[in-house]
Amino acid sequence: MRKGSCCMFTSGVIGAVLLIMGISLFVSGLFQTLIHNKLKGEITLTEGSKIFATWKNPPPPVYMEFFIFNVTNPDKFLKGEAKPHLTTMGPYTYREYRPKHNVSFVHNGTKVAAYTAKIFVFEPEKSVGDPNVDLVTTVNIPAVAVMNRIKGAGFWVSSGISMYMGSIGTTMFMTHTVQELLWGFKDPLLSRLKTIRPDTDEYFGLMLHKNSSDDGEFVYHTGEQNYLDFGRIYTWKGEKMMSFWKSNQSNMINGTDGSGFHPFLSKEERLNVFTPDLCRSIHMRFEKEVELKGIPAYRFTPPRDVLASGKNNPENEGFCVTPKKCLDDGVLDVSVCRKGAPVVMSFPHFHLGDEKYAKAIDGISPVHEHHQTFLDLNPTMGVPVRAMKRAQINIHLERVTGFPLTRNLNSTIFPILFLNESVVIDDASAARIQKLLLIVTLVSHFPLILVALGVILLLVSIILAIRFYQNKVIRFDFAEPSAKKDTSYAPVSSKVDDQDEKNGTYIGMMPVDKS
């Protein structure tokens, strides 16, 4: 009896205490604040932090896929008889190693400087075709670059250069192996120009000099002083701003390099990423929730207004250097940072661009799932669990005075290739993040666990109380008498024989009702 009431009382008191404590801690947010502060202190670019070693030498493999556009009707296109017809070759896949070197802390340790080397190794098992054998026909980019460089120099100068180009067999299209197109070949036109201008590089390749190279020195905020600054670029090549574009807003270096972001991301954030290939910063917006290897993530992707023209997005007005020749939505003229070469960047197949660009080319058809750029970021840690950086290199073809080869050309954004730089978190890193997220979840929800335990103990106490009072009523009922009776004594008569007479009279006990 005492044992049951003691258990009932103890569970009730402990349950009430746990319930009050849990509610108080939940309302105050103490445990959530503690774990958030702990993570903010750990996710910094400082020696000894959990993330610094993986930032210096990322373990997940990065792959670069090249898809080359091959022109099947160059003659008809040059004559103005047909749109260019393109077929896609590839992918030609390369494993990309991106270790950081010359890492040093600057500005009293509040920032860290580093170079990121990019090393490419061909992966035949992930490729379709052999880049050393496969031939591709595409625009003669060196020739177009020369035409573009001397455009406006006058009819006679242009005509003289045109005749010279014709004498050495220069045409508007060229055929080379994929290896040569990507990593370089000795161009006859550039070799001739080198005799006139010694600073001219006689080799051309879309990825020329990029293997084992870097994009220059970056200085990053460590995030130690403010977690929102984690990985944010402070300077690039010693400059806080670029000078390629027309406005200060366009020349700003905003955001990170895309390899990491601050912890505790929200769906409403605008994530800024600086891309040296585009010579500008772009921004990304939340698209949807995804999951990879058991890790929840937010997918961020560039919206349509990132590459919108200045007339549709005033933020982009500064990216048009020549006002009368501004391009429409979905393309970006980067000739200002490509030594004058008429290079135009876009998303693959002109995804998110004006439909006129895709309609001008046979073999181009944008598909959101295949051609979008996106980052899948775990919102708690801010680390990418999957990323797809997709971009297309195009050449702006147009009629150039003095060059008969271009007389039938209309202004065309001509695709050369598109690339897909992808990374997916490896299993070992995923397991570590899962473990850390579990700890964060348990600690953050500890007040709710206390509330749950308190409710359970209170329910146990209530059940014990009900059983206790039920047992007490039953015992009380068994203690009540059913009827009041007395016992009296009366003589009993029987046949008397000789023996009985000797023994006397029997006395029998019989109950007699009181009445």
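Notes on the structure follow. (Residues numbered from 1 in each chain as written. Predicted model: local features only at pLDDT ≥ 70, side-chain atom pairs only at ≥ 80, totals over all residues. Heavy atoms only, no water.)

Before going further, it helps to examine the packing of helix α5 (residues 141-150) against helix α8 (residues 188-196). The contact between α5 and α8 brings their axes to 8 Å, and the two run at 45°. On the basis of the axis angle, α5 is oblique to α8. Listed contacts from α8 to Pro142, Ala143 and Val146 of α5 are Leu189, Leu190 and Leu193. (Axes fitted to C-alpha atoms, helices over the stretch in contact; angles between N-to-C directions. Helix = DSSP H or I, 4+ residues; strand = E, 2+ residues; numbered from the N terminus. Parallel < 35°, antiparallel > 145°, perpendicular 65-115°, else oblique. Contact = heavy atoms within 4.5 Å.)

Next up on the list: unusual backbone geometry. Omega for the bond connecting Gly90 with Pro91 falls within 30 degrees of zero, at 10°, which places this linkage in the cis form. Mapped onto the fold, Pro91 is located in strand β2 (residues 86-97). Phi at Ser212 is positive, roughly 65°, even though this residue is not glycine. Judged by its relative accessible area of 54%, Ser212 falls in the exposed class. The phi dihedral of Phe350 falls on the positive side, at around 60°, and the residue is not glycine. Assignment of secondary structure puts Phe350 in the loop between β16 (343-346) and α10 (355-359). (Buried < 20%, exposed > 50% of the residue type's maximum accessible area, 1.4 Å probe, protein only.)

Our focus in this paragraph is α5. For α5, a buried count of seven out of 10 residues is recorded, marking the element as mostly surrounded by other parts of the structure. Those residues of α5 not exposed but buried are Ile141, Pro142, Ala143, Val144, Val146, Met147 and Ile150.

Attention now goes to the packing of aromatic side chains. In the structure shown here, the tally under the stated rule is 22 aromatic pairs. Judged by centre distance (5.8 Å) and plane angle (65°), the ring pair of Phe173 and Phe414 falls under edge-to-face. Taken together, the residues Phe173 in strand β6 (residues 173-177) and Phe414 in strand β19 (residues 412-424) connect sequence positions 241 residues apart. Accessibility expressed as a relative area gives 10% for Phe173, which makes it buried. Grouped by ring-pair contacts, the aromatic residues Phe52, Trp55, Phe105, Phe218, Tyr220, Trp236 and Phe274 constitute a single cluster. It is Lys100 that lies over the ring of Trp55; its NZ or CZ is 4.8 Å from the centre. The positively charged end of Lys126 is found above the aromatic ring belonging to Tyr63, 4.9 Å away from the centroid. (Phe/Tyr/Trp six-rings, centres within 6.5 Å; stacked < 30°, edge-to-face > 60°. Lys NZ or Arg CZ within 6 Å of the ring centre and 35° of its normal.)

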